[in-house]
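Structural overview for review
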Amino acid sequence: MMEKMIFGRYVPADSVIHKMDSRSKLIIIFLFVCVIFLANNAVTYALIGIYTFFMLGMSRIPIRFLYGGLKPVLWLVLFTLVLQLFFTKEGALLVSWGPVKIYEEGLKMGIFISLRFFFLILMTSLLTLTTTPIEITDGLETLLNPLKKVKFPVHEMALMMSISLRFIPTLMQETDKIMKAQIARGVEFASGPFKERIKAVIPLLIPLFVSSFKRAEELAIAMEARGYRGGEGRTKYRQLSWHLADSLQLVLLGMLTILLFLLRS
Amino acid sequence: MNKSIVSLKEVSFQYDEQERYALNHVSFDIYEGEWLAIVGHNGSGKSTMAKLLNGLQFPQQGEITVCGMQLNEESIWDIRKKIGMVFQNPDNQFVGTTVQDDVAFGLENNGIPRDEMVQRVEDSLRKVKMDKFLYQEPHHLSGGQKQRVAIAGVLALRPSIIILDEATSMLDPRGREEVLETVRLLKAEKALTVISITHDLEEAAKADRIIVMNKGEVFREGTPEEIFSMDEQLIQLGLDIPFSVKMSKAFRQKGIDVSKHYLSEEELVTELWTSRFSI
C-alpha cells in the first residue's frame, strides 16, 4: 500500500508526452515556471490555461489521477484565493457585508494567483505522472553535466538518487516486517494516545537504521567488487534520445512566450 | 591437474581492532577450471579469504597471485575484471533499479561502449534464464532470481573466476538449487573456475575439492570423500556433515555395506534398493 504512495505517481500510457525526452520535459517545466509570471491579464491567463490543458490532453492521463494529485493542494489554492480576496484593498468596492469588504482588485488578484498556482501544479504533476523517477534522474544528470566543471558532484548525486529510488521498496518491505515483529511483541502502533504512538515509532526506527547502515556497507563492497570507482571513465547504459517532438514542444513553448509578451498589459 | 590460476603464499591478515589473525600464514593454490569449496564455521576466515582475493582487503603479509598478476593497489582493477563475486544478501548487491540496469552496472564501470553493453546484458541474462525479466524491478523478484541476476552481472564482465561468498545461504532450497544449477552449467560451458565459500556441506559435496578452514588456518584439504571421512573431526569444527553421509555411516555400523565414497541422497537410495535384494 505504501508502495503506491510513491510509485503510483507514474501512470504508464502510450502518449506523445510519455515518449518525450526527460531533458526536454525538465527544460519545459523550468521555463514554464518562469513564463507563467508574464501573464497579467485575462487574455494571457486564458492562453496559459489553453496551453496547460492542451498538454494534459496530449498526455492521455485520466482526470482521476490528476485529481488525486491535486486534492491535497487544492485547499492551498482556495486559501490563496480567500487571502487575496479579503486582504487586497484596492480598486472599487464590490461587496460590503459587515466587516467583510471585497474589492475589485482583490477578486482579480485572487483569481489570477490561484489560477497561476493551479496551472503550475498541473504542469509539474504532468512531469511526474508521465516520467519515471529514474528517467527524471537521468535527465537531471545530463542537464547538470556542465556543473562538473565547477566540481559539483553531478554523477554522485545522480547515483545517490537512483540508489535511493531502488531501495525505497526494499526498505518499505523491511519496515513492514519490523512493524509486524514489534506488534507481535506487544507494541501498539495504531491506537493509544498520541504521545504513546510517537514513542512506539522508536522500536521501529532503530532496527531500520541499523539494518540500513549494514545494507549500505554491503552495497558499497558489492559495488567496489564490480569495479565501481567513481564517475570517471564510466559509460552509460540508459540512453536519452531527443526526438522531433521534443524540439517541437520547445518551439510551442517559445511561441507561447512570444504571445504572452505581445498580449500582456 | 591444471595449472594454478590463484595462488596464496604465506598470507596473513588481521582486522584492525582484533588481536587474533583472521588468516594465519595460509598457502594454497586454486587450479584452472576446478570447483573449489572453502568451508568453515563462522569466524574461520573463509569470508576474509574472499575479500582478499578480490583486493577488497589487503593482506599484512604474504603474496596473492591471480591469473599471473600479483595483487596490489595498481592491479586490483584488472583483477576485479577477472574475478566476479556473488555475495550473501541478494538485496544488498542489487544496484540497478531494474534487472537490465543492474547487469549493466559492472559494464558501465568498466567503460564498455553502449552497443556492446546491450548485447552483453542480453546474452548474460539469457545464460541465467532471466531474459524475460529485463525491465523487472528487484522487489518483484525472488531471492534466487536476484542471485541469478547477480551472476549475470558478473558474467557480463567475462571473468575467469567466480566466487560465491555464501551466495546461497539466504535462499530457500529451491532458490539454492536454481543458483547452483546455473553456476554448474556456466562452469561447464565457459571453463570457469568456481570458488564457493560456504558452511553448507551439501553444497560443498558437489565440489571437486574442499578446503576446510579453522581459526584462520587451512585445517584440511581434499576431495569431498576424503573430507567427509573425517566425520567426528568435522563436527568438532562446528560443521555438520551431510545427511546422506551420516546415513551411510549408520548403515555401515549396522553391518550393511554401502560404498565408501560420497553419495547424494538419491544416489544412496538408488544403491540401497538396487544392491540390497540379495539379503
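Definitions and limits used
- Residues numbered from 1 in each chain as written.
- Chains lettered and ligands numbered in written order.
- Predicted model: local features only at pLDDT ≥ 70, side-chain atom pairs only at ≥ 80, totals over all residues.
- UniProt positions renumbered as here; feature names shortened; annotations may be inferred.
- Axes fitted to C-alpha atoms, helices over the stretch in contact; angles between N-to-C directions.
- Helix = DSSP H or I, 4+ residues; strand = E, 2+ residues; numbered from the N terminus.
- Parallel < 35°, antiparallel > 145°, perpendicular 65-115°, else oblique.
- Left-handed = near helix turned anticlockwise from the far one by under 90°.
- Contact = placed C-beta atoms within 7 Å.
- Nonpolar A, V, L, I, M, F, W, Y, C, P; charged D, E, K, R; others polar.
- Pairing = 2+ DSSP bridges.

For chain B, an unreviewed UniProt entry supplies the name Cobalt transporter ATP-binding subunit and the organism Neobacillus vireti LMG 21834. Regarding chain B, the UniProt comment filed under Subcellular location (unreviewed entry) reads as follows: "Cell membrane". UniProt, in the comment section headed Sequence similarities (unreviewed entry), describes chain B in these words: "Belongs to the ABC transporter superfamily."

As for the packing of helix α3 (residues 99-109) of chain B against helix α4 (residues 114-127) of chain B
All names here are of chain B. In contact at an axis separation of 10 Å, α3 and α4 are set at 120° when each is read in the N-to-C sense. Relative to α4, the element α3 lies oblique. In this structure, α3 crosses over α4, and the sense of that crossing is right-handed. Only M117, R120, V121, S124 and L125 of α4 make contact with α3, whose side of the interface consists of Q100, V103, A104 and L107. In terms of residue class, the contact of α3 with α4 is made up of 6 nonpolar, 2 polar and 1 charged.

Describing the sheet that holds strand β3 (residues 35-39) of chain B
Residues and elements named next belong to chain B. Strand order in this open sheet of 6 strands is β6-β7-β8-β3-β9-β10, and the pairing throughout is mixed. Two strands bound the open sheet, and with one partner strand each, they are β6 (83-86) and β10 (217-222). Across the sheet, the mean angle from the axis of one strand to that of its neighbour is 20°, orientation sign disregarded. Here strand β7 (residues 161-165) runs beside strand β8 (residues 193-198); their pairing, made up of 5 bridges, is parallel.

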